[in-house]
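# Architecture at a glance
The chain contents come next:
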Amino acid sequence: MSKFLKFIVHMVIFLAILDVLALAVPPFMGINTAIIDGTKESNMPKGSVTYAEPVSVNELKADDSILVQEGESVYRYKIIAADAANGSFDVYDQTDVEAGQKTITLRNTAPRVIITVGYIGYLIIATQSKEGLIIIGLVILFLIILFILSELWRKDKRIKTAGKLENAED
């Protein structure tokens, strides 16, 4: 049981480190991140993070996905037809089939979507409220308790096996 508790503790810590790295490292590599935290209007799910690289509009072609920021809102669109010379792109929203296509104008560069990852944005959402910070603190406290329990369980086994060895020598 001790090993299982330590496995849980190490797995949660490992996933938390991966989450923090996935949120912190890409901006240093020139990759845009759009974190959907529920305060922005978007066609992407809450808690998702979308990674996009800025590319020249001349490199964009049909079937590429792009991020379009309209004020505080962030939308992911798929390109149907591209006219890079005029900067005119026909796009549609993959999440809303009934919305139809629309034409947008892009100049110079646009963020081309690399990948959208769900759920990892919830860590950022949690840090923006008192309740979220309390939950993060409770999770850390729970991990500490689990680690202590696993150590106590292991010591208990050592004491039992040491007692058996002493009895065997007598």
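Along every chain, residues carry numbers that run from 1 in the direction the sequence is written. This being a predicted model, a pLDDT of at least 70 is required before a residue's local features are given, and a value of 80 or more before pairs of side-chain atoms are given or counted; all residues contribute to the totals for chains, interfaces and linings. Only hydrogens and water are removed before side-chain values are computed, so all heavy atoms of the structure are retained for them.

### Thoughts on the overall build of the protein chain
- When helices and strands are tallied, the protein chain shows three helices and seven strands.
- To qualify as a helix, a DSSP run of H or I must reach at least 4 residues; to qualify as a strand, a run of E must reach at least 2; elements of each kind are numbered from the N terminus. Each helix and strand of the protein chain, placed in order from N terminus to C terminus, yields the pattern α-β-β-β-β-β-β-β-α-α.
- Only protein chains enter the accessibility calculation, which uses a 1.4 Å probe. A residue is then buried if its area is under 20% of the maximum for its type, exposed if over 50%, and partly exposed in between. The buried share of the protein chain, taken over its 170 residues, is 31%.
- Note on contacts: a residue pair is in contact if any heavy atoms of the two residues lie within 4.5 Å. At a minimum sequence separation of 6, the contacts of the protein chain that also span at least 24 residues come to 55%.
- Surface accessibility of the protein chain: about 11300 Å² in total, with carbon and sulfur atoms responsible for 62%. Here the accessible surface of atoms and residues is derived via Shrake-Rupley with a 1.4 Å probe, and residues count as covered only by protein chains that are part of the display.

### Looking at the pattern of salt bridges
- We count a salt bridge whenever a side-chain nitrogen from Lys or Arg sits within 4 Å of a carboxyl oxygen from Asp or Glu. Counted by the stated rule, this structure contains six salt bridges.
- Between Arg 112 and Glu 59 there is a salt bridge, and its shortest N-O distance comes to 4.0 Å. On the criterion of sequence distance, the pair formed by Arg 112 in strand E7 (residues 109–117) and Glu 59 in the loop between strand E2 (49–56) and strand E3 (65–70) is long-range, its members being 53 residues apart.
- A relative accessible area of 16% places Arg 112 in the buried class.
- Assessed through its relative accessible area of 46%, Glu 59 is described here as partly exposed.
- One continuous salt-bridge network, built from bridges that share partners, spans Glu 53, Glu 59, Lys 61, Asp 64 and Arg 112.

### A look at unusual backbone geometry
- Here the phi dihedral of Asp 63 falls at roughly 80°; this positive angle occurs in a residue that is not glycine.
- Among the structural elements, Asp 63 can be located in the loop between E2 and E3.
- When its relative accessible area of 57% is taken as the criterion, Asp 63 is described as exposed.

### Considerations on the layout of surface pockets
- Here a cavity denotes a set of grid points, spaced 1 Å apart and computed over the protein atoms alone, in which a 1.4 Å probe fits but from which it cannot get out, and a pocket denotes an open set meeting protein on both sides within 12 Å along at least five of seven lines; residues with an atom within 4 Å of a point are reported as lining. Grid points are joined across faces, edges and corners, and a volume is the space filled by probe spheres set on the points. In this structure, the largest pocket spans a volume of roughly 280 Å³.
- Where the lining of the largest pocket is concerned, the elements lending two or more residues are helix H1 (2–24), helix H2 (122–126) and helix H3 (130–169).
- When residues of the lining of the largest pocket are assigned to their parent elements, the largest contribution, six residues, is made by H3.
- For this scheme, ten residues count as nonpolar: Ala, Val, Leu, Ile, Met, Phe, Trp, Tyr, Cys and Pro. Four count as charged, namely Asp, Glu, Lys and Arg, and the remainder, Gly too, count as polar. A breakdown of the residues in the lining of the largest pocket according to their chemical character gives eleven nonpolar, one polar and no charged.

### Concerning a nonpolar patch on the surface
- Like-charged residues are merged into a patch within 9 Å and nonpolar side chains (Val, Leu, Ile, Met, Phe, Trp, Tyr) within 5 Å, provided each residue has over 30% relative accessible area and no salt bridge. On the surface, Ile 134, Leu 138, Ile 140, Leu 141, Ile 144, Ile 145, Ile 148, Leu 149 and Leu 152 cluster together to form a nonpolar patch covering roughly 830 Å² of accessible area.
- Position of Ile 140 among the secondary structure elements: in helix H3.

### A closer look at the nonpolar core
- Nonpolar cores were defined as sets of buried Ala, Val, Leu, Ile, Met, Phe, Trp, Tyr and Cys residues, with membership established by side-chain atoms within 4.5 Å. Membership of the largest hydrophobic core comes to 13 residues, with the highest contact counts inside it found for Leu 60, Ile 66, Phe 89, Val 91, Ile 104 and Leu 106.
- At the level of secondary structure, the elements contributing two or more residues to this core comprise E3, strand E4 (73–83) and strand E5 (88–92).
- Here the element with the most residues in this core is E4; it accounts for three residues.
- If we ignore the near neighbours within four places in the chain, the residues touching Leu 60 are Val 55, Ile 66, Ile 79, Ala 82, Phe 89, Leu 106, Ala 110 and Arg 112.
- The next biggest cluster of nonpolar side chains, apart from the first, holds seven residues, and it includes Ala 34, Met 44, Ala 52 and Leu 67.

### Some remarks on the confidence of the model for the protein chain
- pLDDT is a residue-level measure of predictor confidence that goes from 0 to 100. Scored by pLDDT, the protein chain comes out at a mean of 82, with 89% of its residues at no less than 70.
- Between the elements of the protein chain, mean pLDDT differs from a low of 77, seen in H3, to a high of 90, seen in E2.

### What about the packing of aromatic side chains?
- Any two rings among Phe, Tyr and Trp, with Trp reduced to its six-membered ring, count as a pair given centres within 6.5 Å; such a pair is stacked if its planes are under 30 degrees apart, edge-to-face if over 60, and tilted if neither. Within this structure, the stated rule accounts for two aromatic pairs.
- Each ring, one from Tyr 75 and one from Tyr 77, has its centre 6.0 Å from the other, and the planes form 20°; the classification is stacked.

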